[in-house]
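Observations on the three-dimensional arrangement
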Amino acid sequence: MAEPLKVVVTGAAGQIAYSLLFSVAKGDVFGPDQPLELLLLDITPMMEVLNGVVMELMDCAIPLVKNIVATDDPKVAFKDADAAFMVGAMPRKEGMERKDLLKANVRIFKAQGQAADQVAKKSIKIIVVGNPANTNACIMSKYAPSIPKANFTCMTRLDQNRAQAQIASKLGVSNGDVTNVIIWGNHSSTQFPDVAHASVNINGKKVTVPEAVKNDNYLKNEFIKTVQQRGAAVIKARKLSSAMSAAKAACDHMHDWFFGTKGNDFVSMGVISDGSYGIREGLMYSYPVRIKNKTWSIVQGLDINQFAREKMDATAAELTEELEAALAECEA
Ligand SMILES: NC(=O)c1ccc[n+]([C@@H]2O[C@H](COP(=O)([O-])OP(=O)(O)OC[C@H]3O[C@@H](n4cnc5c(N)ncnc54)[C@H](O)[C@@H]3O)[C@@H](O)[C@H]2O)c1
């Protein structure tokens, strides 16, 4: 059997982690033959709750889980880590704006970046889930300069899954029949869910989503708004932010990073911009990516019309503003 993979989950006593840990532990992400060491990080007042989570994980008696460490010290959690799910943050409550969250959260990611820089493997693969996810990932990477920037990503897979599910439901097909939906930009209400390059399998025939839906007005308005506002709609209904679906999306993201994307298909991930599609270099921007040998690359050459251009630029402008506010907060 392979050596155990060291997997960090921060915010391990929280609600996303409660679903995420179970999926990771039983092999959904790193494969059914990969033993795991789970490194669970939360804050000191949550240690008792975290201990309860550890007890439950033990009681699952999952053969892949070789060791569990529960800690409030980032340097213990990140020691020699191979992969990290950065979930721990203050969650958005009903009516709370993202910018209120920013100040509280970027400092956490600065400190955790510094810890990862000192003790994690340089090959560690990091997904940031805690909001504002894109900017937190950017800050974490800035404060972990010895780890390649390509190893920091943020999650927009939940938005992609939401968009895919909306289209599947609209067309009465299965979720798996819809591919190549793109989320551009920020994991926020300015994100641009784009189906111009997406396909759907209808009765064995592959057609573009716009051809299948035959309703441009829906795709340009109601569809985009529904996906953009889905997080808020879940909070309104559940009085808690998305957790089961967020955990599933984090698993999808990390799984594809480790095992690659299929054929010509692509998935959306927040990655560091190299200037592709005219987006400012250095922003953590969600792009369509293909993954091979655990390395993502931004899909190039997609046609961008005026409608898309404006939406892609608007979400980039929000990210620039967020990043500048975050840098000011970190340097204060
Ligand atoms: N990117 C996405 O698509 C997406 C989707 C849903 C939720 N989220 C975000 O994920 C985050 C977690 O959501 P949740 O519902 O699990 O929240 P939660 O409040 O249930 O859990 C968060 C956990 O993080 C812990 N935490 C806080 N500060 C920490 C620190 N410095 N180090 C380690 N742990 C810390 C808290 O103690 C808590 O246990 C939130 O920021 C939420 O907005 C992102």
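Note that this is a predicted model, so its numbers are computed, not measured.

1. Here's the deal with the domain arrangement of the protein
The figure often quoted for interface size is the accessible area lost as the parts come together. According to the domain assignment, the protein consists of domain 1 (5–154) and domain 2 (157–321). With centres defined by C-alpha atoms, the gap from domain 1 to domain 2 works out at 23 Å. Contact with domain 1, which involves 32 residues of that partner, is made by 34 residues of domain 2. Of the roughly 2600 Å² buried between domain 1 and domain 2 on both sides combined, carbon and sulfur atoms contribute 68%. Of all residues in domain 1, Gln 15, Lys 125 and Asn 134 give up the largest surface area on contact with domain 2, accounting jointly for 23% of the area buried on that side. Applying the counting rule to domain 1 against domain 2 returns zero salt bridges. Inspection of the region where domain 1 meets domain 2 yields eight residue pairs in polar contact (both at pLDDT 80 or more). Among the secondary structure elements, those contributing two or more residues to the side of domain 1 that touches domain 2 are α1 (15–25), β4 (83–86), β5 (125–128), α5 (133–142) and β6 (152–154). Per-element tally for the side of domain 1 that touches domain 2: the top contributor is α1, with five residues.

2. Regarding the site of the ligand
Close to the ligand lie 26 residues; Gln 15, Asp 42, Val 129, Asn 131 and His 187 are nearest. Between an oxygen atom of the ligand and a main-chain N or O atom of Ile 16, the distance comes to 3.0 Å. In the environment of the ligand, an oxygen atom lies 2.6 Å from a nitrogen or oxygen atom belonging to the side chain of Asp 42. Alone, the ligand offers 870 Å² of accessible surface; in the complex the protein occludes 89% of this. Listing elements by their share of the shell around the ligand, those giving two or more residues are α1 and α4 (98–119). Among the residues forming the shell around the ligand, the class breakdown is 14 nonpolar, ten polar and two charged.

3. Remarks on the UniProt feature "domain: Lactate/malate dehydrogenase C-terminal" (unreviewed entry) in the protein
Here the UniProt-annotated "domain: Lactate/malate dehydrogenase C-terminal" (unreviewed entry) positions come out as residues 156–329. Here residues 156–329 is 47% helix and 20% strand, with 24 Å between the C-alpha atoms at its ends.

4. Looking at the packing of helix α6 (residues 157–171) against helix α11 (residues 244–259)
α11 packs onto α6 with a crossing angle of 105° between their chain directions and a minimal axis gap of 8 Å. Taken as axis vectors, α6 and α11 run roughly perpendicular relative to one another. Two secondary-structure elements touch here, α6 through Arg 157, Leu 158 and Asn 161 and α11 through Ser 245, Ala 246, Lys 248, Ala 249, Asp 252, His 253 and Asp 256. In the contact of α6 with α11, the residues fall into three nonpolar, three polar and four charged.

Reading the values: rules and limits
Residues numbered from 1 in each chain as written. Predicted model: local features only at pLDDT ≥ 70, side-chain atom pairs only at ≥ 80, totals over all residues. Heavy atoms only, no water. Domains from an automatic or database assignment. Contact = heavy atoms within 4.5 Å. Buried area = accessible area lost by both parts, 1.4 Å probe. Salt bridge = Lys/Arg side-chain N within 4 Å of Asp/Glu carboxyl O. Polar contact = N/O pair within 3.5 Å; in protein donor to acceptor, adjacent residues only side chain to side chain. Helix = DSSP H or I, 4+ residues; strand = E, 2+ residues; numbered from the N terminus. Near = heavy atom within 4 Å. Areas by Shrake-Rupley, 256 points an atom, 1.4 Å probe, with all protein chains shown as cover. Nonpolar A, V, L, I, M, F, W, Y, C, P; charged D, E, K, R; others polar. UniProt positions renumbered as here; feature names shortened; annotations may be inferred. Axes fitted to C-alpha atoms, helices over the stretch in contact; angles between N-to-C directions. Parallel < 35°, antiparallel > 145°, perpendicular 65-115°, else oblique.

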